[in-house]
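Chain by chain, the residues:
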Amino acid sequence: MDSPVRIPYESFIKIDRKSETSIYLQIANQLINSIQRGVLPFGTKLPGTRTFSEMLEIHRNTAVAVYDELSAQGWTESFPNKGTFVIGKDQEKPVKVNDFEQNNLQNYPITTGFSFKTSNILDNPFEHSDCEYVFNDGVPDIRLTQIGQHSRFYSSILKRKSSQKAFGHYNHDGSEFFKEHLSQYLNLSRGLPISKNNLLITRSTEMSIYIVSEILLSAGDTVLVGALSYFSVNMIFMKAGVNIVSIPIDEEGIIVESVREACKKQKIRMLYLTPHHHYPTTVALSAQRRFELLELAHEYGFIILEDDYDYEFHYDKSPILPLASADTNGMVIYIGSFGKSLAPGFRTGFIVAPENLMTEMRKYLGIIDRQGDILMERALGEMIAEGEINRYLKKSLKVYQERRDYFSGLLEENLGDLISFQKPSGGLAIWLEWNIPLNLMQLSRNCAKDNLFIPKTLLYQNKGLTAMRLGFGDLNIEEMNKGIEVFSKNVKGLIS
């Protein structure tokens, strides 16, 4: 074994004197790391504490504390008149002293030592940009949220003695108080005759769909979606190994007769819909087609997964009630988000389904999100009970309607006959189709050079379609003016 003095401890022990972790623990942890990696193999004699302290320029008492820590954790053993030695199993190929520089103990392994499955399906489709102006697919404006008032609800709950039990309580069924008030809220606002036993609280719409797909879908099943559909949901379905079949969409939503033809050809397990405002085209499913789909689901036995991702945002008239409100045969699973108009931390997802399915769903939620967020759910429940949700939504809807009208006017004024679109009756985005040939990817790149970011997830282009989904909800008047100015300039630059 090499002499302890020859081992260059100072080359692999780095001390951060500004760290909150004590120096002796920093050194002890790095020595343990070197033992684990074979840099200090079984039988290595450590230098005396005086020599060790001089090598690392530390106080001798610190060196003594390091050795005491190693001994207490069972990595070393001291023998009178002999010294301190590394204990453990002898290694077949101990690391040589000359290899210390190659074994940088500050670095974590770059790759795993084992193989694993990778998934191209789940590659992140979202992009990031430092552009000052951004078009997105329709999200609320966090600047409109009354964060201070929301925080007071949460803060008051934290201060109550009655809430202390919730800190250490793991309840994957969620807050009973919140579910009680949310079920009443959904009953009044969406005509859903449910109780809290029909609710599962999740973190997001995507989590809801993932749980549904895990329970109800098997590899080889067939799922129907709109000819244009939400890409994140399609990713979840593809991961489940199902066959996805696209059904055409027109100005009244998904074409029921095409659904019927698909049912005649093969066994359909599920139909995924965003009927309130179809994603991405924003068209609403007509009342007549809703009844026809319910009858068709009952006749052929397929599940309707109804995603009401932006039901809260409607302007011109009362929205059509969800399919789930008229479902008497238990064929519809209803998912949505609550508090989308609030600050991101105050939002949650939910699933509405018959109780027998809910029992199974709770098992899955108990695995992936056992703790939940009981305190936040309590705060949301109190915001419903005190009418805060309705007051805030009424106020914000007025702002979003004004922004929709202004954004629509800008598009008409700057692009005129180049585009076609319908002013949406709700939601936070406009579906825009181009009447001219246009390379949308090139348009996106050109706009980025002028400080306007248009993500590729907003672009829809194939042989028969050139279209975009442009969100207006998070843009104020100044941002709309500048964004459309850059946008129209680059459009005209491409077509000229």
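Residues numbered from 1 in each chain as written. Predicted model: local features only at pLDDT ≥ 70, side-chain atom pairs only at ≥ 80, totals over all residues. Heavy atoms only, no water.

- Labelled according to an unreviewed UniProt entry, the chain appears under the name GntR family transcriptional regulator/MocR family aminotransferase, originating from Chryseobacterium vietnamense.

**Quick notes on the overall build of the chain**
Point 1. Scanning the chain from terminus to terminus reveals 16 helices and 18 strands.
Point 2. Split into buried and exposed, the 496 residues of the chain put 49% on the buried side.
Point 3. Within the chain, residue pairs in contact and separated by at least 24 positions form 73% of the contacts whose partners lie at least 6 positions apart.
Point 4. Entry remark: accessible area of the chain is about 25200 Å², with carbon and sulfur atoms responsible for 50%. (Helix = DSSP H or I, 4+ residues; strand = E, 2+ residues; numbered from the N terminus. Buried < 20%, exposed > 50% of the residue type's maximum accessible area, 1.4 Å probe, protein only. Contact = heavy atoms within 4.5 Å. Areas by Shrake-Rupley, 256 points an atom, 1.4 Å probe, with all protein chains shown as cover.)

**Things to note about helix 14 (residues 388-415)**
Point 1. Between its terminal C-alpha atoms helix 14 stretches 40 Å, which fits the 40 Å expected from 28 residues at 1.5 Å a residue.
Point 2. At the C-terminal side of helix 14, Gly416 shows a positive phi close to 45°. (Expected span 1.5 Å × (residues − 1).)

**Some details on empty space enclosed by the protein**
Vacant regions in the atomic arrangement are exposed by a probe of water-molecule size rolled over the atoms.
Point 1. Here the structure, examined in full by the defined rule, presents three cavities of 30 Å³ or more.
Point 2. As a volume, the largest cavity reaches approximately 60 Å³.
Point 3. If you go around the largest cavity, the residues you meet are Ile249, Gly253, Ile254, Tyr272, Leu273, Thr274, Pro275, His278, Val283, Ala284 and Leu285.
Point 4. Broken down by secondary-structure element, the contributors of at least two residues to the lining of the largest cavity are strand 9 (253-254) and strand 10 (270-273).
Point 5. Taken as a whole, the second largest cavity encloses approximately 50 Å³ of empty space.
Point 6. Along the walls of the second largest cavity sit Val225, Gly226, Leu228, Ser229, Tyr230, Tyr272, Leu273, Thr274, His278 and Tyr279, which together make up its complete lining.
Point 7. Among the elements of the structure, strand 6 (222-226) and strand 10 are those that each provide at least two residues to the lining of the second largest cavity.
Point 8. In the lining of the second largest cavity, the residues fall into six nonpolar, four polar and no charged. (1 Å grid on protein atoms, 1.4 Å probe; cavity = no way out; pocket = protein on both sides within 12 Å on 5 of 7 lines; lining within 4 Å. Points joined across faces, edges and corners; volume = space filled by probe spheres on them. Nonpolar A, V, L, I, M, F, W, Y, C, P; charged D, E, K, R; others polar.)

**Topic: helix 12 (residues 355-368)**
Point 1. The end-to-end C-alpha distance of helix 12 is 20 Å, a good match for the 20 Å that 14 residues give at a rise of 1.5 Å each.
Point 2. When we look at burial in helix 12, the residues that qualify are Leu357, Met358, Met361, Arg362, Leu365 and Gly366.
Point 3. Buried residues along helix 12 sit against helix 7 (176-190), strand 5 (199-202), helix 8 (205-216), strand 12 (332-338) and strand 13 (348-352).

**A word on the nonpolar core**
Point 1. Of all hydrophobic cores here, the largest spans 77 residues; its most connected members are Phe135, Leu182, Leu293, Phe407, Trp434 and Phe487.
Point 2. Those residues in contact with Leu293 that sit more than four places away from it in its chain are Ile254, Val256, Val259, Leu271, Leu273, Leu285, Phe302, Ile304 and Leu323.
Point 3. Judged by nonpolar contacts, the second largest core, of 35 residues, contains Ile236, Ala240, Ile335 and Met361. (Core = buried A, V, L, I, M, F, W, Y, C linked by side-chain atoms within 4.5 Å.)

**Quick notes on the side chain of Ser183**
Point 1. Its location among the elements puts Ser183 in helix 7.
Point 2. From its side chain, Ser183 meets the backbone oxygen of Glu180 in a polar contact 2.7 Å long.
Point 3. In contact with Ser183, not counting residues within four places along its chain, are Ile194, Ser195, Lys196 and Leu199. (Polar contact = N/O pair within 3.5 Å; in protein donor to acceptor, adjacent residues only side chain to side chain.)

**A look at the sheet that holds strand 11 (residues 303-308)**
Point 1. Read across the open sheet, the seven strands follow the order 5-13-12-11-10-6-7; overall the sheet is mixed. Because the sheet does not close on itself, it has two edges, and the strands there are strand 5 and strand 7 (243-247). Strand-to-strand twist across the sheet, computed as the mean angle between neighbouring axes with direction ignored, equals 20°.
Point 2. Where strand 6 meets strand 7, five bridges bridge the pair, whose relative direction is parallel. In the strand pairing of strand 7, Leu224 is matched with Val245.
Point 3. Across the sheet, helix 11 (residues 287-300) is in contact with strand 10, strand 11 and strand 12; its angle to strand 11 comes to roughly 145°. (Pairing = 2+ DSSP bridges. Axes fitted to C-alpha atoms, helices over the stretch in contact; angles between N-to-C directions.)

**Section: the environment of Arg260**
Point 1. As for its position among the elements, Arg260 is in helix 10 (residues 256-265).
Point 2. C-alpha separation for the pair Arg260 and Ala297, spaced 37 residues apart in sequence, amounts to 9.5 Å.

**Points about the packing of helix 2 (residues 23-36) against helix 4 (residues 60-72)**
Point 1. Relative orientation of the contacting elements helix 2 and helix 4 amounts to 45°, with a least axis distance of 9 Å. Between helix 2 and helix 4, the interaxial angle falls into the category oblique. Considering the relative orientation of helix 2 and helix 4, their crossing is right-handed. Contact residues: helix 2 offers Ile23, Tyr24, Leu25, Ile27, Ala28, Leu31 and Ile32, while helix 4 offers Thr62, Ala65, Val66, Glu69 and Leu70.
Point 2. For the contact of helix 2 with helix 4, the class distribution of residues is ten nonpolar, one polar and one charged. (Parallel < 35°, antiparallel > 145°, perpendicular 65-115°, else oblique. Left-handed = near helix turned anticlockwise from the far one by under 90°.)

**What about the pairing of strand 18 (residues 465-471)?**
Point 1. Where burial is concerned, most of strand 18 is hidden: seven out of the seven residues are buried.
Point 2. Of the two faces of strand 18, both are covered, the one formed by Leu465, Ala467, Arg469 and Gly471 as well as the one formed by Thr466, Met468 and Leu470.
Point 3. Note: strand 17 (residues 459-462) against strand 18, four bridges, orientation antiparallel. In the strand pairing of strand 18, Tyr460 is matched with Ala467.
Point 4. In textbook terms, the turn of a hairpin is the stretch between consecutive antiparallel strands, and for strand 17 and strand 18 this stretch comprises two residues.

**Quick look at the packing of helix 8 against helix 9 (residues 231-239)**
Point 1. Between helix 8 and helix 9, whose axes approach to 10 Å, the crossing angle comes to 25°. Between helix 8 and helix 9, the angle falls in the class roughly parallel. Where helix 8 crosses over helix 9, the two elements pack in a sense that is right-handed. Each of Glu206, Ile209, Tyr210 and Ser213 in helix 8 lies in contact with helix 9, whose residues at this interface are Ser232, Val233, Ile236 and Phe237.
Point 2. For the contact of helix 8 with helix 9, the class distribution of residues is five nonpolar, two polar and one charged.

**Comments concerning the pattern of salt bridges**
Point 1. Scanning all chains against the criterion turns up 16 salt bridges.
Point 2. Notably, a salt bridge pairs Lys264 with Glu261, separated by 3.7 Å at the nearest N-O pair. Residue Lys264 and its partner Glu261 are both found in helix 10; the two are separated by three residues, about one turn of the helix.
Point 3. Owing to a relative accessible area of 53%, Lys264 belongs among the exposed residues under this scheme.
Point 4. By relative accessible area, which is 34% here, Glu261 ends up partly exposed.
Point 5. The shortest N-O distance in the salt bridge between Asp405 and Arg404 comes to 2.9 Å.
Point 6. The network of salt bridges with common partners includes Asp141, Arg143, Arg403 and Glu479. (Salt bridge = Lys/Arg side-chain N within 4 Å of Asp/Glu carboxyl O.)

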